[in-house]
There are 2 protein chains.
Amino acid sequence: MADKYERIMELAKRRGFIWPSAEIYGGVRGFIDFGPLGTVLKHNIEEKWRRFFIHRHSDFIVEIETPIIMPAKVFEASGHLKHFTDYIVECTSCHRKFRADHLVASSTDIVEVESLSIEDLNRIIKDREVRCPECGGILDEVKTFNLLFKTTIGPYSENVGYSRPEAAQGMFLAFKRVYESMRSKLPLGIAQIGRVMRNEISPRQGPIRLREFTIMEIELFFDPEQSSCPLFDNVKNISLSIIPEDKVRKGLLKPISITAKKAVEEGYIVNEWQAYFMVLGKIFMESLGIPSEMQIFIDKPREERAHYSAQTFDQVVKLERWGYVEVAGYSYRTDYDLSRHMKFSGVNLRVYRQLDKKILKEKVTVKPNMKILGPKFKSKVRELLTSLNYESLASELLSKGFVEVAGYKLSKDDFIISREKLEVGGIHFLPHVVEPSFGSDRVTYTVLEYAFHEKDGRIILKLPRDIAPIQVSVFPLVSKDGLPELATKIYRLLLEAGLRVEYDESGSIGRRYVRADEIGVPIAVTVDYDSLRDGSVTLRDRDTWRQVRIKISDLKERLLKYFEGSLCFEELGTPFKGR
Amino acid sequence: MADKYERIMELAKRRGFIWPSAEIYGGVRGFIDFGPLGTVLKHNIEEKWRRFFIHRHSDFIVEIETPIIMPAKVFEASGHLKHFTDYIVECTSCHRKFRADHLVASSTDIVEVESLSIEDLNRIIKDREVRCPECGGILDEVKTFNLLFKTTIGPYSENVGYSRPEAAQGMFLAFKRVYESMRSKLPLGIAQIGRVMRNEISPRQGPIRLREFTIMEIELFFDPEQSSCPLFDNVKNISLSIIPEDKVRKGLLKPISITAKKAVEEGYIVNEWQAYFMVLGKIFMESLGIPSEMQIFIDKPREERAHYSAQTFDQVVKLERWGYVEVAGYSYRTDYDLSRHMKFSGVNLRVYRQLDKKILKEKVTVKPNMKILGPKFKSKVRELLTSLNYESLASELLSKGFVEVAGYKLSKDDFIISREKLEVGGIHFLPHVVEPSFGSDRVTYTVLEYAFHEKDGRIILKLPRDIAPIQVSVFPLVSKDGLPELATKIYRLLLEAGLRVEYDESGSIGRRYVRADEIGVPIAVTVDYDSLRDGSVTLRDRDTWRQVRIKISDLKERLLKYFEGSLCFEELGTPFKGR
């Protein structure tokens, strides 16, 4: 029998939730289309995320939109050109290429492959005599493969650009602008929902590992000296299932249940903002139909974390085929990104905090010593001086004892360093960042899997009512005698009220209920002969198949309340025994 | 004095609507960021487009989401690899590159450059001695430059992919799937809102000519034998300002005003679907604040149309700096795209129409003649037979007299062609397509420009109330004596009702009105000392600066009605004379 994933995908393709992209050309791995129902479902999840994470916090979290294609310099600064890589190995005989760690996992008994270095992988391939799984050929040396999609901006081939692998960088680049337009206050959250691209070596897991997907991300900027979250009180007593880093390292994968407050106090979670968003993420996923007991937060060991992160929790959800799969990540990015962009752009990204009382601070000034540099570099001195990064000069010189510029190494002696004590009323600093980041496509698939139920050989998609792509089906009992006309009127009425409605008159009423149940329509409205006489219709509940009778004149208002969540099904009308 | 565009961009950057991307790295031409207010404005415009074009037609128009990066084959089939080009010319001395037609326009008195061929451009550059505008150097031959952003999918360099320049192709590829999930009915509209990329040679017009932008597009598939639009009656008497193709050709740019019905009857507009969407587009832009008299529909002459189009109307709107600028295009793409994808994929994309009564039809069957092919090709015959495109074999063979396959030319004699008369109950055909397509970024800028007003040296952004990024500002008159507490309560109340609200207590009340007016907040709520006593607040109208007084207990409900459009400002409360 097909496994649950296959049964879901059969439904998804047939009814228009998800299918492989470019199918008529044989498909391209790692790319999927969302069909009519899938698009509305995904869109509803994204809008709900917006309400949950942005609108509710609209006094300090704002959304922006930045481009997907960005110049190479951005990813040089962000570290992605160097670190955003996987290990790849090529067969010397058939020249197929494989992700080296996955190949080792599938060809040996080694399970934990994520933290293996290139040397480890080469050694294992040699020692265990791992061969090409396709042709049995000998494998070449393991290499690194950068996962950024590369392109050229404009007509000059040297203007390299990349598609962003995360929405974050656009938010770091715009930080100063947003900060100023938001009247220079911290904490400040910058959010973005948008497409990102990751050129995976050989993605295989359908809608789970994609080369292009939608990310929903917040960069929450805060003053590291004032890192408490003013909203933490609202969530501090809510429990999370977490697996701390030391247990992950030892392979102990049993989570502990701990309140957000305790998790911060005991150092499991690095700060309140990180914990705040983790709780919010748990409640968000719960509201999409994923029970909290199926959600775990795993603290990623240092060697598995992204290069920018001082702590990352993966929020994972159990899926039938793939086990625990990450639906969101929570990273403490410190001031890594801002400091890198400050260094690479030469633009000061620090913000200012006024102090309660003035303090004495040592100010270091560094000036080129022309008496030394002049004779030493002669005509080249001008180029040298314009190439210096004055923003980081003092700190680099003092920490390393030298700076490198235009190929030359300059020491402290090449500069005049003066120190003075100043009374200052405030300090300049780089904000720190906590980042919750959700994969919208994965979340959408996960929601489908948790909603997917079977009963007597039929499918019932128990989607939460607020995100169901179609909220109401309107059926005339038969397609004659004026019933279609009345049903169409009701369809229009509900459509204009802003509900997502479908009208269906073909096939038996039972057959139509089946069709509505399998795409998760919460309420079916049936117009029968009595409706013509008494102005009432029957409502049927998708999950219980119970029915109530309601006046058409009450229909719009009560259904709106039902979908807002302020009425339950039984409150919609009077109990009714169906045929 | 700065022109209107510069004044708008000053506001846009300062308050967070729009700014250049990657500014800290000096910016990249053709890329912009939407800041916090710009993102909400753009999002609101997109949601409104969704309601206008999709939700209202949800019985036959559905939305899908497909990837940005697509394999090369798709664009080979769609014709973009060949036709989606501009002419480029390089300076032989400084090696700068220019868009050839723009260079001719700026260096000569020739205005109409869009239709010039590569030969025309080379001749003009030679005859008029056009030189490099940067260094005066001699220009090289004009070449074609493909505007697709190129990349590689996965680790094999031969797997070329491109970023889509329009959302359309994803919808053509998915047509069959969507058609089947929508129960195989025509007309069928497939819509998509998403990012597209066009690698312009040297974009210069700020937010108008972008290399990456958001498109809002519908492919409306219909049976060419039944091309009438069932909703046409609703719009047929609405007038459009159009400039027909023959007038455009003669340079006569005075539009004629004509009803949609007459425009179709007299052949100006090719069919009812095209006219229906043009009217809808006009009303849509009007609802965003662009008066209909500032909108013109220009019929593009054949030589300026995209390769796939049998008729394209550009909907243009007058902008201060750039003159008439296209905000939407309406193209009759016929069955061009589906027929090309059918040919290139070998997958039958035809749909079926049942006929009222059976007809006799000749069926042609073509089989390889093995007696001839066998001896002729020997061991290669197998490869030959599997490479044949059986889908198009008969039609190609009969029309051209031969087919080419795997480098060989096969004639009619290599096949056995049999014909028989069959009684058939239906016919198979390719649907035709009409495509309305909007650039969301341009529309957003256009809306900003039309909303931009100045009065006594102040800016008032008269955005339509339903799309204003912030709908309500809540101000305590002073920031003490319990006023901030009450104002915060009101802020929360309105926020939870789903309104987009801001709270502001800093600076004088007059200063706060100025700040709210310039970002287009329709209503300001002021909490004063009387509010503490009588439970009322003052509402101020952005456009008239008039004020009314309203009970806090009525506030939420009435404001919701005001923003739905069912109450006007004066109906919100009782007239009130401000301080």
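Below, the discussion takes up the overall build of chain A. When you go through chain A residue by residue, the secondary structure sums to 20 helices and 29 strands. With respect to the three principal axes, the spread of C-alpha positions in chain A is 105 × 70 × 55 Å. Residue burial in chain A is summarised as follows: out of 579 residues, 54% are buried. When contacts within chain A are restricted to residue pairs at least 6 apart in sequence, those whose partners lie at least 24 apart make up 67%. A total accessible area of about 25,300 Å² is found for chain A, and carbon and sulfur atoms account for 48% of it. Each charge class in chain A can be summarised by its mean position, and for the 88 positive and 83 negative side chains these summaries are 2 Å apart.

Further remarks concern the packing of aromatic side chains. Each pair of aromatic rings is reported with the distance of its centres and the angle of its planes. Tallied over the entire structure, the rule returns 50 aromatic pairs over all chains. Seen from their ring centres, B:Tyr330 and B:Phe438 are 6.1 Å apart, and the 80° between their planes marks the pair as edge-to-face. Here B:Tyr330 is found in strand 16 (residues 323-334), whereas its partner B:Phe438 is found in strand 21 (residues 432-439), with 108 residues between them in sequence. Residue classification places B:Phe438 among the buried residues on the basis of a relative accessible area of 0%. These aromatic residues form a ring-pair network of at least three members: A:Trp49, A:Phe52, A:Phe53, A:Phe284, A:Phe297, A:Tyr330 and A:Phe438. Geometry around A:Phe429 places A:Arg353 over its ring, the cationic atom sitting 5.2 Å from the centre.

On to the interface of chain A and chain B. Of the residues lining the interface, 79 residues belong to chain A; the matching set on chain B comes to 79 residues. Among the residues of chain A in contact with chain B, A:Ile24, A:Tyr25 and A:Glu65 are the three that bury the most area, contributing 13% of the side total. Across the contact surface, chain A and chain B share 10 salt bridges. Salt-bridge contacts for A:Glu65 lead to B:Lys42; the nearest nitrogen and oxygen are separated by 2.6 Å.

Here we take up the sheet that holds strand 26 (residues 523-527) of chain A. All names here are of chain A. Read across the sheet, six strands follow the order 25-24-26-27-28-29 without closing on themselves; strand pairing throughout is mixed. Edge positions in the sheet fall to strand 25 (501-503) and strand 29 (574-575), since each of these pairs with one other strand and no more. Two strands pair when backbone bridges link them, and strand 27 (residues 536-541) and strand 28 (residues 547-551) are joined in this way by five bridges, in the antiparallel orientation. Directly across from Leu539, in strand 28, lies its bridge partner Val548. Helix 17 (residues 483-496) rests against strand 24 (472-476), strand 25, strand 26 and strand 27 of the sheet, and its axis sits at about 165° to strand 24. Relative to the sheet, helix 20 (residues 552-564) contacts strand 24, strand 26, strand 27 and strand 28, its axis offset from that of strand 28 by approximately 125°.

Quick look at the pattern of salt bridges now. Evaluated as defined, the whole model comprises 96 salt bridges over all chains. With a closest N to O distance of 2.7 Å, B:Glu47 and B:Arg50 form a salt bridge. One end of the pair is B:Glu47 and the other is B:Arg50, both in helix 2 (residues 36-54) and three residues apart, which spans about a single turn. Comparing B:Glu47 with B:Arg50 shows no difference in burial state: the two are buried. With a closest N to O distance of 2.7 Å, B:Glu570 and B:Arg546 form a salt bridge. Within this pair, whereas B:Glu570 is found in the loop between helix 20 (552-564) and strand 29 (574-575), its partner B:Arg546 is found in the loop between strand 27 (536-541) and strand 28 (547-551), the two being separated by 24 residues in sequence. The network of salt bridges with shared partners includes A:Lys42, A:Glu46, A:Arg195, A:Glu212 and B:Glu65.

Let's shift gears to empty space enclosed by the protein. Gaps left between atoms show up when a probe the size of a water molecule is rolled over them. Taken as a whole and assessed by the stated rule, the structure comprises eight cavities of 30 Å³ or more. Looking at the largest cavity, its volume works out to about 450 Å³. If you trace the largest cavity, you find 24 residues lining it, with A:Glu46, A:Glu65, A:Ile193, B:Glu46 and B:Ile193 closest to the centre. For the lining of the largest cavity, the secondary-structure elements that each account for two or more residues are helix 2 (36-54) and strand 10 (188-197) of chain A together with helix 2 and strand 10 (188-197) of chain B. No other element matches the six residues that helix 2 of chain B contributes to the lining of the largest cavity. Split by residue class, the lining of the largest cavity holds two nonpolar, seven polar and 15 charged.

This part is about the environment of B:Ile359. Residues and elements named next belong to chain B. The residue Ile359 is located in strand 17 (residues 351-368) in this model. The exposure class assigned to Ile359 is partly exposed, which follows from its relative accessible area of 34%. Considered as a pair, Ile359 and Ile24 are 335 residues apart in the sequence and their alpha carbons are 70 Å apart. Those residues in contact with Ile359, other than ones at most four positions away along the chain, are Leu422, Glu423 and Val424.

Attention shifts here to the relation of the copies chain A and chain B. Between chain A and chain B, which share one sequence, the superposing operator has a rotation angle of 180° and an axial displacement of 0.1 Å; the RMSD is 0.2 Å. What we have between these two chains is a two-fold relation. Judged by C-alpha distance, A:Thr151 is the residue of chain A that lies nearest the rotation axis, at 2.6 Å. Comparing contact sets, 100% of the residues at the interface of chain A also lie at the interface in chain B, consistent with an isologous, same-surface contact.

So, about the side chain of A:Arg500. All names here are of chain A. Tracing the backbone shows Arg500 in the loop between helix 17 and strand 25. In this structure, Arg500 is buried with no salt-bridge partner, the nearest side chain bearing the opposite charge being Asp466 at 7.2 Å. Only 3.3 Å separates the side chain of Arg500 from the backbone oxygen of Asp466, close enough to count as a polar contact. When residues no more than four places from it in sequence are discounted, the contact partners of Arg500 are Val40, Asn44, Asp466, Ile467, Ala468, Pro469, Ile470, Gln471 and Val472.

The subject of this paragraph is the domain arrangement of chain A. Domain annotation of chain A identifies domain 1 (4-84 + 147-335 + 435-439), domain 2 (85-146), domain 3 (354-426) and domain 4 (470-576). Here domain 2 of chain A and domain 4 of chain A have C-alpha centroids that lie 57 Å from each other.

The biggest cluster of nonpolar side chains holds 276 residues, and the ones touching the most others in it are A:Trp49, A:Phe277, B:Trp49, B:Phe277, B:Leu539 and B:Leu559. Not counting chain neighbours up to four residues away, the residues in contact with B:Leu539 comprise B:Ile523, B:Ala524, B:Val525, B:Arg546, B:Gln547, B:Val548, B:Ile550, B:Leu555, B:Leu559, B:Phe569 and B:Leu572.

This part covers the pairing of strand 5 (residues 85-90) of chain A. Look at any regular strand and the pattern is simple: side chains alternate between the two faces of the sheet. Residue and element names in this part refer to chain A. Note that strand 5 and strand 7 (residues 143-146) share four bridges and pair antiparallel. By the bridge assignment for strand 7, Asp86 is matched with Phe145. Bridge count for strand 5 against strand 6 (residues 97-99) is three bridges, and the pairing is antiparallel. Among the inter-strand pairings, Val89 is bridged to a residue of strand 6, identified as Phe98.

Count 3.6 residues to each turn of an α-helix, and residues three or four apart come out pointing the same way. Residue and element names in this part refer to chain B. With 16 residues, helix 11 (residues 272-287) should reach 22 Å at 1.5 Å per residue; the first-to-last C-alpha distance of 22 Å fits that figure. Residues Trp273, Gln274, Ala275, Tyr276, Phe277, Met278, Val279, Leu280, Gly281, Lys282, Phe284 and Met285 constitute the buried set of helix 11. A distance of 3.2 Å separates the backbone nitrogen of Trp273 from a side-chain oxygen at the start of helix 11, and that oxygen is part of Asn271. At the exit of helix 11 stands Gly289, carrying a positive phi of roughly 100°.

Residue and element names in this part refer to chain A. With mixed pairing, the nine strands of this open sheet are ordered in space as 3-10-11-21-16-15-14-12-13. Of all the strands in the sheet, the pair left with one neighbour each is strand 3 (61-63) and strand 13 (256-259). Adjacent strand axes in the sheet meet at a mean angle of 30° when their direction is disregarded.

What follows covers the packing of helix 17 (residues 483-496) of chain B against helix 20 of chain B. All names here are of chain B. The contact between helix 17 and helix 20 brings their axes to 10 Å, and the two run at 30°. Taken as axis vectors, helix 17 and helix 20 run roughly parallel relative to one another. By crossing handedness, the relation of helix 17 to helix 20 is classed as right-handed. Within the contact between the two elements, helix 17 uses Leu486, Ile490, Leu493 and Leu494 and helix 20 uses Ile552, Leu555, Lys556 and Leu559. Looking at the contact of helix 17 with helix 20 residue by residue, the class counts come to seven nonpolar, no polar and one charged.

Turning our attention to helix 2 of chain A. Its 19 residues place the ends of helix 2 of chain A 26 Å apart at the C-alpha level, agreeing with the 27 Å of an ideal helix rising 1.5 Å per residue. For helix 2 of chain A, the tally of buried residues reaches 17 of 19 residues, placing the bulk of the element in the interior.

Rules behind the numbers
- Residues numbered from 1 in each chain as written.
- Chains lettered and ligands numbered in written order.
- Predicted model: local features only at pLDDT ≥ 70, side-chain atom pairs only at ≥ 80, totals over all residues.
- Heavy atoms only, no water.
- Helix = DSSP H or I, 4+ residues; strand = E, 2+ residues; numbered from the N terminus.
- Buried < 20%, exposed > 50% of the residue type's maximum accessible area, 1.4 Å probe, protein only.
- Contact = heavy atoms within 4.5 Å.
- Areas by Shrake-Rupley, 256 points an atom, 1.4 Å probe, with all protein chains shown as cover.
- Lys, Arg positive; Asp, Glu negative; His and termini not counted.
- Charge placed at Lys NZ, Arg CZ, Asp CG, Glu CD.
- Phe/Tyr/Trp six-rings, centres within 6.5 Å; stacked < 30°, edge-to-face > 60°.
- Lys NZ or Arg CZ within 6 Å of the ring centre and 35° of its normal.
- Buried area = accessible area lost by both parts, 1.4 Å probe.
- Salt bridge = Lys/Arg side-chain N within 4 Å of Asp/Glu carboxyl O.
- Pairing = 2+ DSSP bridges.
- Axes fitted to C-alpha atoms, helices over the stretch in contact; angles between N-to-C directions.
- 1 Å grid on protein atoms, 1.4 Å probe; cavity = no way out; pocket = protein on both sides within 12 Å on 5 of 7 lines; lining within 4 Å.
- Points joined across faces, edges and corners; volume = space filled by probe spheres on them.
- Nonpolar A, V, L, I, M, F, W, Y, C, P; charged D, E, K, R; others polar.
- Least-squares fit on C-alpha atoms with pLDDT ≥ 70 in both.
- Polar contact = N/O pair within 3.5 Å; in protein donor to acceptor, adjacent residues only side chain to side chain.
- Domains from an automatic or database assignment.
- Core = buried A, V, L, I, M, F, W, Y, C linked by side-chain atoms within 4.5 Å.
- Expected span 1.5 Å × (residues − 1).
- Parallel < 35°, antiparallel > 145°, perpendicular 65-115°, else oblique.
- Left-handed = near helix turned anticlockwise from the far one by under 90°.

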